[in-house]
Amino acid sequence: MDRFIIEGGARLKGTVELSGAKNAALPILAATLLADSKSVIKNVPPLRDVYTMLRIMRVLGVKVSMEDNVVIVEPRGYSNYTAPYKLVSTMRASVCVLGPVLAKLKLAEVSMPGGCVIGPRPIDLHIKGLSAIGADIKIEHGYIVASAKQLKGARVYLGGNFGSSVLATANLMMAATLAKGKTVIESAACEPEVCDLAKFLIKMGAKIKGHGTPVVEIEGVKSLHGAEYTIIDDRIEAGTFMIASAITGGDIVIKGANVEHIGAVIDKLQCAGLKITDTKEGLRVKTIRSLRPVDVTTLPYPGFPTDMQAQMMALMSITKGISVITEKVYPERYMHVSELARMGGQVMLEGPSAIIKGVPRLSGAPVMASDLRASAALILAGLVAKGKTEVSRIYHLDRGYYNIEEKLEKLGARIKREKED
Ligand code: UD1
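Predicted, not measured: the structure shown is a model, and the values here were computed from it. (Residues numbered from 1 in each chain as written. Predicted model: local features only at pLDDT ≥ 70, side-chain atom pairs only at ≥ 80, totals over all residues. Heavy atoms only, no water.)

Novice: Before we go on, may I ask you to explain the sheet that holds strand β6 (residues 82–83) in this structure?
Specialist: The strands that make up a sheet pair up through hydrogen bonds in the backbone, lying either parallel or antiparallel. The strand order across the open sheet built from four strands is β6-β7-β9-β8, with neighbouring strands paired in mixed fashion. Both edges of this open sheet fall to β6 and β8 (136–140), since each of them pairs with a single strand only. The sheet contact formed by β8 and strand β9 (residues 143–147) spans five bridges and is antiparallel. What sits directly across from Glu-140, in β9, is Tyr-143. (Pairing = 2+ DSSP bridges. Helix = DSSP H or I, 4+ residues; strand = E, 2+ residues; numbered from the N terminus.)

Novice: I tried to follow the site of the ligand on my own but got confused; where do I start?
Specialist: Around the ligand sit 19 residues in total, of which Asp-124, Leu-125, Ser-165, Asp-307 and Val-329 are the nearest. A distance of 2.5 Å separates an oxygen atom of the ligand from a polar atom in the side chain of Ser-165. Within the contact set of the ligand, an oxygen atom lies 2.8 Å away from a backbone nitrogen or oxygen of Leu-167. Contact with the protein chains covers 89% of the free accessible surface of the ligand, which is 740 Å². Broken down by secondary-structure element, the contributors of at least two residues to the shell around the ligand are α5 (124–132) and α6 (166–176). (Near = heavy atom within 4 Å. Polar contact = N/O pair within 3.5 Å; in protein donor to acceptor, adjacent residues only side chain to side chain. Areas by Shrake-Rupley, 256 points an atom, 1.4 Å probe, with all protein chains shown as cover.)

Novice: Would you explain the sheet that holds strand β24 (residues 414–419) in this entry?
Specialist: Taking strand neighbours across the sheet as the criterion, the four strands line up as β22-β23-β1-β24 in an open arrangement whose pairing is mixed. Looking at strand neighbours, the two that pair on one side only are β22 (366–368) and β24, the edges of this open sheet. For this sheet, the mean inter-axis angle between neighbouring strands, taken without regard to orientation, is 25°. For β22 and strand β23 (residues 388–392), the ladder comprises three bridges, and the chain directions are parallel. Within β23, the residue paired with Val-367 across the bridge is Val-391. (Axes fitted to C-alpha atoms, helices over the stretch in contact; angles between N-to-C directions.)

Novice: Just to check I follow, could you spell out helix α9 (residues 263–272) for this structure?
Specialist: Since one α-helical turn is 3.6 residues long, residues separated by three or four positions face the same way. Within α9, the full set of buried residues consists of Ala-264, Val-265, Ile-266, Leu-269 and Ala-272. Here the buried face of α9 lies against α8 (235–247), β16 (274–278), β17 (283–287) and α10 (309–317). Backbone geometry just after α9 places Gly-273 at a positive phi near 115°. (Buried < 20%, exposed > 50% of the residue type's maximum accessible area, 1.4 Å probe, protein only. Contact = heavy atoms within 4.5 Å.)

Novice: Please explain the nonpolar core as it appears in this structure.
Specialist: Grouped burial of nonpolar side chains is what soluble globular proteins tend to show. By size, the foremost hydrophobic cluster in this structure holds 79 residues, and its most contacted members are Met-53, Met-57, Val-97, Leu-151, Met-173, Met-174 and Leu-201. Ile-243, Ala-310, Met-313 and Leu-378 belong to the second-largest nonpolar core, a separate cluster that totals 69 residues. (Core = buried A, V, L, I, M, F, W, Y, C linked by side-chain atoms within 4.5 Å.)

Novice: What am I meant to see in the pairing of strand β21 (residues 353–357) here?
Specialist: Successive side chains on a regular strand alternate, one facing one side of the sheet and the next facing the other. For strand β19 (residues 322–327) and β21, the ladder comprises five bridges, and the chain directions are antiparallel. In the sheet register, Ser-323 faces β21, and the bridge partner there is Ile-356. As paired strands, strand β20 (residues 346–350) and β21 are joined by five bridges and run antiparallel to one another. Bridging from a neighbouring strand, Glu-350 pairs with Ser-353 of β21. Remark: two residues form the turn of the hairpin made by β20 and β21, two consecutive strands paired antiparallel; Gly-351 in that turn has positive phi of roughly 60°.

Given below as structure tokens:
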């Protein structure tokens, strides 16, 4: 197992290039399972979660290859409908093969994804959506078993207690492309990754309207063909680098950042006092004054993303004053709080809210990554902490950030990867 050693205090400067969005790549790779012919997907980030998805596809009997961020999928003739526990248990997003395999093979078995350190992650909305269009769904021996002779379009309200669901929307949208008649999803997720999936499905021959809004309409078609598609850049990686610049008092340009995808993050960082400009070269994020505390509530898109909550907390930890973060998507997603405390951070949890008292400086310490975004927050804290920070268990980070240490090093950070004993 690897760890990062970070020597804090370097101001970041220069240009960084984003990788493709993992959260767009995973459902789009799953969507290729709906086609009768080859797909070519470009800008796929070479990350652990992507490799897990490719392994699941191979287990299903699909031919897949990946070279230079391009994945070629040849789905013709696959007939295995089971996504096994040993793979699904390592990545919850595997659940997004349920919709496409069901639609294509009329039967799908996907292992129940199981627990998660960021809090409970139910799948009731996935089941609700697919049942509404005619799937018969049972939970048997730890597997979700879905079958349907013929999926039939329906009107489905897909909002849950925590708002819309990204992957439940993706699952239903994919299955509905091959259903008979029209499906209307109300309270659909509007995330850019859902939009990217819809655009890919349309290129495959699907009839979809309203993607990117809470009401999505899908008119079923008889079959879909493969397509060539380039995945959007990663908005969470963009946000993470924005905070890397802010926390180190830096001045960086982020190539590939789409301002339409990260409006809520830009807004909060501007309120905190950063100068953010959309330039020809990319998004420039510059610190021009001492930062002010801001209050943040995470919400489904276009609200402030839960996947940026931990990173924002790292920034607020060294921002003079009191700020409040309220987590409305995963109210228990606060595993990073105790690790930040080891570095001198002062955060008090009060239900789904975190009250952060900014301290003048954090101090480097050995800390442990607990999940993907928490790991990013600890690295950000390490960039500004006095002395040496050791972040262990960074395999979490390798699930979602491609080459983060090289990218940060190029910007001037003192960070290196070491093998853990
Ligand atoms: C996706 C992202 C993840 C991000 C999350 C929220 C991928 C691969 N992952 O995960 O990085 O943190 O969106 O933006 O795209 N919920 C239910 N019932 C369900 C499904 C979800 O109640 O059946 C709840 C969840 O517990 C959570 C909220 O809905 O409180 C949003 O979760 P959801 O959007 O489904 O997350 P994912 O799609 O799994």
